[in-house]
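Below are the chains, spelled out letter by letter.
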Amino acid sequence: MPVLPGAEPFRHEGGEVGVLLCHGFTGSPQSMRPWADHLAERGLTVSLPLLPGHGTRWQDMQLTGWQDWYAEVDRALRELRERCTQVFVFGLSMGGALALRLAARHGDAVSGLVLVNPGNKVHGAAAHALPVVRHLVPSTKGIASDIAKEGSEEVGYDRVPLHAAHSLRNFFKIVDGELPQVTQPLVVLHSPQDHVVPPADSARILSRVSSTDVEEILLEQSYHVATLDHDAERIFEESYSFIGRLAPSVGKKGSTTGG
């Protein structure tokens, strides 16, 4: 299947500091592309993969599960590690959970995390029905484009494939159990008005990680896809200054170019 316009993966060869960006469930790299561009323009090496089953049609996602999505970001991280001295991982929604698992499993190979409205749990009565309902109903209403900013659209599916949703639910449970293994510096930016992931998910993550260098930032002007919303510039700037604090070579003239 052809990839939806705008949903293509993105890669930029920059300096010795790398950033891996992980998009969300049923979304695509398009939701992270302005963030990736912001970092690339500042000389960083950037990797923004397209997760398997995403960016085409929702039926393709029915055939994939969390193991496929995680394997893709794990591969991208290893690739970045081969050519970068430091690698940071940024994630939106489910991408935040993928980032947390990378941090838990790779330890010092991940220098820091920036999470935007990270998911931790599939909420509501429907979550408990998923194991059965997914065999009866293929999909349900989509979650894409929860954005306050007028005219801003997310390239994502208009349906949620339920086999994939069931897999996501299992993945969240696994990641929740691994949170105490996360020790890296961490920034969590979340929207009080999020119609996809409740603030409780960010609170849960912040309460369970072992990180001591932690910052929590509220995105008052945005909904779930804050990377395409009113607070996008703030996310970009905060994340870049976070890298600058932990990777001293960043921001110094001439030091992050080439490589």
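Remember, it's a predicted structure, so these values are computed and weren't measured experimentally. (Residues numbered from 1 in each chain as written. Predicted model: local features only at pLDDT ≥ 70, side-chain atom pairs only at ≥ 80, totals over all residues. Heavy atoms only, no water.)

With respect to the layout of surface pockets
By volume, the largest pocket amounts to about 560 Å³. As for the largest pocket, its lining consists of 25 residues, and the residues nearest its centre are V122, H123, I143, V160 and V196. Residue assignment for the lining of the largest pocket shows that the elements contributing at least two residues are α5 (125–133), β6 (139–141) and α6 (162–178). Ranked by residue count, the leading element in the lining of the largest pocket is α5, at five residues. Considered as a void within the structure, the second largest pocket measures approximately 160 Å³ in volume. Around the second largest pocket, the lining residues are N120, K121, V122, G124, A127, H128, R169, F172, K173 and D176. (1 Å grid on protein atoms, 1.4 Å probe; cavity = no way out; pocket = protein on both sides within 12 Å on 5 of 7 lines; lining within 4 Å. Points joined across faces, edges and corners; volume = space filled by probe spheres on them. Helix = DSSP H or I, 4+ residues; strand = E, 2+ residues; numbered from the N terminus.)

Considerations on the pairing of strand β8 (residues 186–190)
Most of β8 is tucked away: five of the five residues are buried. Residues of β8 alternate between two faces, with L186, V188 and H190 on one and V187 and L189 on the opposite face, all of them buried. Sheet topology note: the strand β5 (residues 112–116)/β8 ladder contains four bridges and is parallel. Bridge pairing in β8 places L115 opposite V188. As defined by bridge partners, β8 adjoins strand β9 (residues 214–218) across five bridges and the pair is classed as parallel. Paired with L186 across the strands is V214, a residue of β9. Note on the crossover from β8 through helix α7 (residues 199–208) to β9: the handedness is right-handed. (Buried < 20%, exposed > 50% of the residue type's maximum accessible area, 1.4 Å probe, protein only. Pairing = 2+ DSSP bridges. Right-handed = clockwise from strand over helix to strand, strands pointing away.)

Observations regarding the UniProt feature "domain: Serine aminopeptidase S33" (unreviewed entry) in the protein chain
Look at the UniProt record and you will see "domain: Serine aminopeptidase S33" (unreviewed entry) annotated at residues 19–229. Along residues 19–229 one finds 38% helix and 17% strand; the C-alpha atoms at either end are 21 Å apart. (UniProt positions renumbered as here; feature names shortened; annotations may be inferred.)

Quick look at the sheet that holds strand β1 (residues 10–12)
Read from one edge to the other, the open sheet built from seven strands follows the order β1-β3-β2-β4-β5-β8-β9, with strand pairing classed as mixed. Two strands in the sheet have a free side with no partner beyond their single neighbour: β1 and β9. Sheet twist, expressed as the mean angle between neighbouring strand axes with direction ignored, is 15 degrees. Summarising the sheet, strand β4 (residues 86–92) and β5 pair through five bridges and their orientation is parallel. What sits directly across from L92, in β5, is V116. Those strands touched by helix α3 (residues 66–83) are β1, β2 (17–22), β3 (45–48) and β4, and its axis lies near 170 degrees from that of β2. Taken strand by strand, helix α4 (residues 94–106) contacts β2, β4 and β5, and its axis lies near 150 degrees from that of β4. (Axes fitted to C-alpha atoms, helices over the stretch in contact; angles between N-to-C directions. Contact = heavy atoms within 4.5 Å.)

Concerning the side chain of H190
Residue placement: H190 occurs in strand β8. Judged by its relative accessible area of 6%, H190 is buried. Discounting chain neighbours no more than four positions away, the residues touching H190 are N117, P199, S202, E216, I217, L218 and L219.

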